[in-house]
Structures are given as C-alpha cells and as structure tokens.
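Observations on the model geometry
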Amino acid sequence: MGTGELVIQDAPSLRRLIRLAPRRKSFHVSVVSAPKLETLGCFSDVGYTFNLALGTNVIERLRVISFKKEVCSVKILAVDIYQESLDAIMNLMRCFPCLEKVYIQAHFDTEPILGS
C-alpha cells in the first residue's frame, strides 16, 4: 500500500493515540491540538515510515527530527525496537518529561554466531 495521512486539528477530549499494525509503507500523523493526550504509541524503527508531528515537534520512526516544546500531557509511551539503541528511546523521552510508564518491546536477533 502507499502513503497515508491523518491530521487532528482540535481534539480537546483525545486521550489515546495508538498506532497499531502498519497497513501502509508511510503514514504521517499531525496533531495540532490535543491537550489531554496521555497515551502515545506505538513507535517502531523497522519496515515502514511513521511520522508524528505534535505541535512543532516532529518524530520519524524513533528519531526526534524537530524538538521545540515539551509535551507534558503524555504519561504513557509505547515503542517497538528492532534496530535502534536505547539512546534513541532516551532522546525520544526528552519530548515527554512527565512520563510515568514506558513500554518497550525489543526484538533481538536470536541467530547463533558461527564459530562460537
């Protein structure tokens, strides 16, 4: 499938924004105003491009592209790691200083190394 876009202009009651299994190769979500947004996920670093713009902050996959203002309403963050390091998650967490819970699902290569 191709690309997709969702723009949330004014959502005073939006509390959860959770992206489930990808159906498109590229998806962009722009949140202009959601003052009660508490739960955000699931960011991933593999297979598809997921861009999120929260006000002036821009996040692509697990990378913070633009960071201008902290989003203090977000208390819960979910991420899915295949390739990135924990440093990328720590950088992502800077955008959300009031986090209470961070859910990390890590996928590790379980293939044995030859010769060991």
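When helices and strands are tallied, the protein shows one helix and nine strands. Reading the secondary structure of the protein in the N-to-C direction produces β-β-β-β-β-β-β-β-α-β. Within the protein, the fraction of its 116 residues that count as buried is 34%. Entry remark: accessible area of the protein is about 7500 Å², with carbon and sulfur atoms responsible for 54%.

If you trace the five strands from one edge of the open sheet to the other, you get β1-β3-β5-β6-β7, paired in mixed fashion. The sheet is open, and its two edges are formed by β1 (3–8) and β7 (63–66), each paired on a single side. In this sheet, adjacent strand axes meet at a mean angle of 15 degrees when their direction is disregarded. By the bridge criterion, six bridges tie strand β3 (residues 26–31) to strand β5 (residues 49–54) in an arrangement that is parallel. Each residue of the ladder has a partner; that of S26, found in β5, is T49.

Side chains that carry opposite charge are capable of pairing whenever their charged atoms lie near each other. In the structure shown here, the tally under the stated rule is one salt bridge. Taking the shortest distance from any N to any O, the salt bridge between E38 and R15 comes out at 3.5 Å. You can see E38 sitting in the loop between β3 and β4 (39–44) and its partner R15 sitting in the loop between β1 and β2 (16–18), a full 23 residues away along the chain. Residue classification places R15 among the partly exposed residues on the basis of a relative accessible area of 38%.

Below, the discussion takes up the nonpolar core. Counting 25 residues, the largest nonpolar core has L40, F43, L52, L92 and F96 as its most contacted members. Elements with a minimum of two residues in this core: β3, β4, β5, β8 (76–81) and α1 (86–93). For F43, the residues in contact, after removing those within four places along its chain, are F50, L52, I59, R61, L62, L77, A78, V79, D80 and L92.

Turning next to the state of the cysteines. Enumeration according to the criterion identifies zero disulfides in this entry. Cysteine C72 shares no disulfide, and the gap to the nearest cysteine sulfur, in C98, comes to 4.2 Å.

Take the sheet that holds strand β9 (residues 101–106) next. Overall, parallel pairing links the four strands, which are arranged β2-β4-β8-β9 in an open sheet. One side of each edge strand has no neighbouring strand; the edge strands of this open sheet are β2 and β9. Direction aside, neighbouring strands of the sheet carry axes that sit 10 degrees apart on average. Here β2 runs beside β4; their pairing, made up of three bridges, is parallel. Note that in β4 the partner of L17 across the bridge is L40.

Looking now at the pairing of β8. Pairing of β4 with β8, which is carried by four bridges, proceeds in the parallel orientation. By the bridge assignment for β8, T39 is matched with I76.

What counts and what doesn't
- Note that residues are indexed from 1 along each chain, following the sequence as it is written.
- Restriction of local features to residues with pLDDT of at least 70 applies here, the model being predicted, together with a cutoff of 80 or more for giving and counting side-chain atom pairs; totals for whole chains, interfaces and linings are based on all residues.
- Side-chain figures throughout are based on the complete set of non-hydrogen atoms in the structure, without hydrogens or water.
- In DSSP terms, a helix is any run of H or I states spanning at least four residues, a strand is any run of E spanning at least two, and both are numbered starting from the N terminus.
- Burial classes: relative accessible area under 20% of the type maximum marks a residue as buried, over 50% as exposed, and values in between as partly exposed (1.4 Å probe, protein chains only).
- The Shrake-Rupley method, run with a 1.4 Å probe, gives the accessible areas here. Residue values count only the displayed protein chains as cover.
- Two strands make a pair as long as DSSP finds a minimum of two bridges between them.
- Helix axes use the C-alpha atoms of the stretch in contact, all axes being lines fitted to C-alpha atoms, and the angles between their N-to-C directions lie in the range 0 to 180 degrees.
- Whenever Lys or Arg places a side-chain nitrogen within 4 Å of a carboxyl oxygen from Asp or Glu, that contact is recorded as a salt bridge.
- In this description, a nonpolar core means a group of buried Ala, Val, Leu, Ile, Met, Phe, Trp, Tyr and Cys residues linked to one another through side-chain atoms lying within 4.5 Å.
- Note on contacts: a residue pair is in contact if any heavy atoms of the two residues lie within 4.5 Å.
- Note on terminology: disulfide denotes any pair of cysteine sulfur atoms within 2.5 Å.

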